Amino acid sequence: MQRLTALVVATALLGGAGLSAQQPTAIQRASTLLGAGAVKTLQFTGAGQVFSVGQNYTSSDPWPAVPVKNYTAAMNFDTGSMRVELLRTMGPVMPRGGGAPFTGEQRQIQVVSGNYAWNVAAAPAGGAAPAAQPQPGAQSERMLALWATPQGFVKAAMANNATTRGSDVTFTVGGKYRMVGTINGKGEVEKVQTWIDQSIVGDMLVETTYSGYKDFGGVTFPSRIVQKQDGFPSLDLTIASVTANPAVDVTVPDNVRNAPPPPAVTVAVEKLGDGAYYLTGGTHHSLAIEMRDHIVVVDVPNSEARASAVLAKAKELIPNKPIRYLVTSHHHWDHLGGIRTAMDEGATIVTHESNKAFLERVARTPHTLGPDRLAASKKAVKIQTVGDKGQLTDGTRTIELYRLQGYEHTTDMLIVYLPKEKILGEPDAFTPPAQAGTPLIPPAVIYAKALYANVQRLKLDVQTITPFHGNRKSDVAELARAAGTTATN
Ligand SMILES: [Zn+2]
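What counts, and at which threshold
Residues numbered from 1 in each chain as written. Predicted model: local features only at pLDDT ≥ 70, side-chain atom pairs only at ≥ 80, totals over all residues. Heavy atoms only, no water. Donors = N, O, S within 2.8 Å, 3.2 Å for Na, K, Ca; no water. Tetrahedral: all angles 85-135°; square planar, octahedral: opposite > 155°, others 65-115°. Helix = DSSP H or I, 4+ residues; strand = E, 2+ residues; numbered from the N terminus. Buried < 20%, exposed > 50% of the residue type's maximum accessible area, 1.4 Å probe, protein only. Pairing = 2+ DSSP bridges. Axes fitted to C-alpha atoms, helices over the stretch in contact; angles between N-to-C directions. Contact = heavy atoms within 4.5 Å. Lys, Arg positive; Asp, Glu negative; His and termini not counted. Salt bridge = Lys/Arg side-chain N within 4 Å of Asp/Glu carboxyl O. Polar contact = N/O pair within 3.5 Å; in protein donor to acceptor, adjacent residues only side chain to side chain. Domains from an automatic or database assignment. Buried area = accessible area lost by both parts, 1.4 Å probe.

A. Spotlight on the coordination of the zinc ion. Distances from the zinc ion to its protein donors, namely His330 (NE2), His332 (ND1), His409 (NE2) and Asp428 (OD), fall within the range 2.1 to 2.2 Å. If you look at the zinc ion, its four donor atoms make angles of 85 to 176° with each other, and the shape they trace is irregular. Between consecutive donors of the zinc ion, the numbers of intervening residues give the motif H-x1-H-x76-H-x18-D. Remark: Asp428 occurs in the loop between strand E24 (423-426) and helix H11 (442-457) and His332 occurs in the loop between strand E18 (323-327) and helix H7 (333-336); sequence separation between them is 96 residues. Judged by its relative accessible area of 0%, His332 is buried.

B. The arrangement of the sheet that holds E24 in detail. Read across the sheet, five strands follow the order E21-E22-E23-E24-E25 without closing on themselves; strand pairing throughout is mixed. Pairing within the sheet leaves two strands with one partner each, and these edge strands are strand E21 (389-393) and strand E25 (464-467). Between one strand axis and the next, the sheet turns by 20° as a mean value, whatever way the strands run. Bridging between strand E23 (residues 414-418) and E24 involves three bridges; their strand directions are antiparallel. By the bridge assignment, Tyr417 is partnered in E24 with Leu424. Running over the sheet, H11 touches strand E22 (398-403), E23 and E24 and is turned about 140° from E24.

C. Structural detail: the side chain of Asp203. Relative to the assigned elements, Asp203 resides in strand E11 (residues 202-216). Despite its burial, Asp203 remains without a salt bridge, the nearest opposite charge being carried by Lys176 at 8.5 Å. A polar contact of 2.5 Å, which involves the side chain of Asp203, links it to the side chain of Thr368. Aside from chain neighbours lying at most four places away, what touches Asp203 is Trp195, Ile196, Pro366, His367, Thr368 and Leu369.

D. Region of the structure containing the domain arrangement of the protein chain. Under the domain assignment used here, the protein chain contains domain 1 (21-123 + 130-257) and domain 2 (268-482). Once you take the C-alpha centre of each, domain 1 and domain 2 turn out to be 34 Å apart. With 31 residues of domain 1 at the contact, the number on the domain 2 side is 32 residues. Counting the surface lost from both domain 1 and domain 2, the interface buries some 2,500 Å², and carbon and sulfur atoms represent 58% of this. Broken down residue by residue, the surface that domain 1 buries against domain 2 is led by Tyr57, Ser59 and Ile200, which jointly contribute 27%. Arg96 is paired through a salt bridge with Glu408; the nearest N and O atoms lie 3.3 Å apart. Our enumeration of links across domain 1 and domain 2 arrives at 20 residue pairs in polar contact (both at pLDDT 80 or more). At four residues, the largest contribution of residues to the side of domain 1 that touches domain 2 is made by strand E10 (residues 189-198).

E. Up close: the pairing of E11. Examined bridge by bridge, E10 and E11 share eight bridges and lie antiparallel to one another. Counterpart to Trp195 in the pairing with E11 is Leu205. Taken together, E10 and the strand that follows it, E11, pair antiparallel across an intervening segment of three residues. Of the pairings in the sheet, the one linking E11 to strand E12 (residues 219-229) comprises 10 bridges and is antiparallel in character. Residue pairing in the sheet places Thr209 in a bridge with Val226 of E12. Hairpin connection, E11 to E12: the antiparallel pair is bridged by two residues, and Gly217 has positive phi, about 55°.

Rendered as structure tokens:
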């Protein structure tokens, strides 16, 4: 009731202002200052940090930062295209938290044009230009990033019948995505909010703030850009140069335009022992374990599509038993992508105690942009927490869970040990190289060392390692070698 009253008062004040003055609207002020009518294409270059969203050290920490030596964005507002090139750098040690390990410099090129999004890999020295990789799932986020730039926002506001209340300008793009911007008295776009679909946290706020506006050789643009996703910085740039109306011709590559729809999710099965299955076939793997009167699944990664396929395969392999527990190895978003599907399945989520509050939020967060099974069923979440160790047992079979210690990738990693089969399930700590004998890169060696130290500390008798990434199983001897030491047990 109080909110409604406030809205009525605000509307009345706005109406009054409109009657008494010929002030330009916020959009008109911004359009004049930013030259939105004359700027058809724009390029800006800067440096700063990008952050690995969904890869924080704990589920309440900020995203880990990665230095970006050069960030160049070139956009064509008339064709709805934007090309972003980043040069990221990394020393021998990754920042605390996750993200794909690399060392040295890594160039990434991310493009959107109309309904198409793709990446371009760095060209190998002397090799042919690599093919574009279609990224259909990134289209809406990249398109919103184009219309969230200061000039883009003004153009999109004008094209989409924006409503203005004081300094706030609101409209919807693509018939679906709401954008809210704040324009100050000088006509500077100070902040733009958009929301994108994220399988775990739902309608996720992407908030970009612009400050330090100045004249970059004839075009007014902010000298600092800070973007946050789900509350933490995801991009922090200091802008060095801006060019208005350069040539920006983005052509959709044929292999992107003609890309077949993504193949159906497939789950491959390897039987590890009686009632123990290794579920692979994608980028992230899972385990399904048969108990006396129920099933335990470890990890439902990626997305609802992957999670649904994994859960269906577990029930096909182990018929007539419900999936009662879903163990989540850790909170990183790539491994947690299907967690809401498991919640809808009715499984109790077994996780490290540091994730309880986060998963409670995940269970009730709105999913209006990408409605999922849980948004429809609204089932209450059941969470069972584990500290440094835990177990699931039915009297005959026991599944042991241990938190990895001294592990900089994440604080909540639960490794899974099946004492009967002497099997260790783990993600991220050790992914055996596709070809045995290939040395790991330095940051990955640090993680392998931590896993090996924990196996020794816990005196686990491991015969087989089932990694949740990669293309094959491994063992402790290979882990020891990868960690730069020799197995002692
Ligand atoms: Zn991880």
